[in-house]
Amino acid sequence: NAVHTALSFDLIGEDVLIDGEFRNILRQLITFMMEDPRTITTALEIAWIAKAIERIGDHVKNIAEQVIYIVRGTDVRHVSKELRRFGGSPGEGL
């Protein structure tokens, strides 16, 4: 179904945002820990939570890639971001 494919492409793009937010959280936590070592325990707990959420995003991306494969028969796991954005498949645009 085209709707499922379009939503799957959207979800794949969202993973980039989740990864960026995870990196931002880690930067902030490192800053907090450097400024006040008493925050290390709490900061590490938050880092583990953030990593778990980031992994959930990775799993969602993997499921979205499988949906695209099931619906279109196209493996988009190793396709450039540009081709994904336009719903292309490997070998197109070469």
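Only a predicted model underlies this, so the values are computations on that prediction, with no experimental measurement involved.

Caption draft 1: Structural view of the overall build of the protein. Scanning the protein from terminus to terminus reveals three helices and zero strands. The order of α-helices and β-strands along the protein, N terminus first, is α-α-α. Buried positions account for 27% of the 94 residues belonging to the protein. Within the protein, contacts between residues at least 6 apart in sequence are counted, and of these 56% link residues at least 24 apart.

Caption draft 2: Local environment of the pattern of salt bridges. A full pass over the atoms with the stated rule returns four salt bridges. Put simply, R77 and D75 hold a salt bridge, and the shortest N to O gap is 2.7 Å. According to the relative accessible area criterion, R77 is partly exposed, its value standing at 44%. Here D75 falls in the partly exposed class, since its relative accessible area comes to 30%.

Caption draft 3: Structural view of the nonpolar core. Within the largest apolar cluster, six residues are counted, these being F9, I12, A64, I68, V76 and V79. If you list the elements that add at least two residues to this core, you get α1 (2–35) and α2 (40–72).

Caption draft 4: Representation of the confidence of the model for the protein in the model. Summarising the model, the protein shows a mean pLDDT of 88, and 84% of its residues fall at 70 or more. Mean pLDDT values for the elements of the protein range from 57 in helix α3 (residues 81–85) up to 97 in α2.

Caption draft 5: View of the environment of I30. Tracing the sequence through the fold places I30 in helix α1. Residues I30 and L44, 14 residues apart in the sequence, show an inter-C-alpha distance of 9.3 Å.

Rules and cut-offs
Residues numbered from 1 in each chain as written. Predicted model: local features only at pLDDT ≥ 70, side-chain atom pairs only at ≥ 80, totals over all residues. Heavy atoms only, no water. Helix = DSSP H or I, 4+ residues; strand = E, 2+ residues; numbered from the N terminus. Buried < 20%, exposed > 50% of the residue type's maximum accessible area, 1.4 Å probe, protein only. Contact = heavy atoms within 4.5 Å. Salt bridge = Lys/Arg side-chain N within 4 Å of Asp/Glu carboxyl O. Core = buried A, V, L, I, M, F, W, Y, C linked by side-chain atoms within 4.5 Å. pLDDT = per-residue confidence, 0-100.

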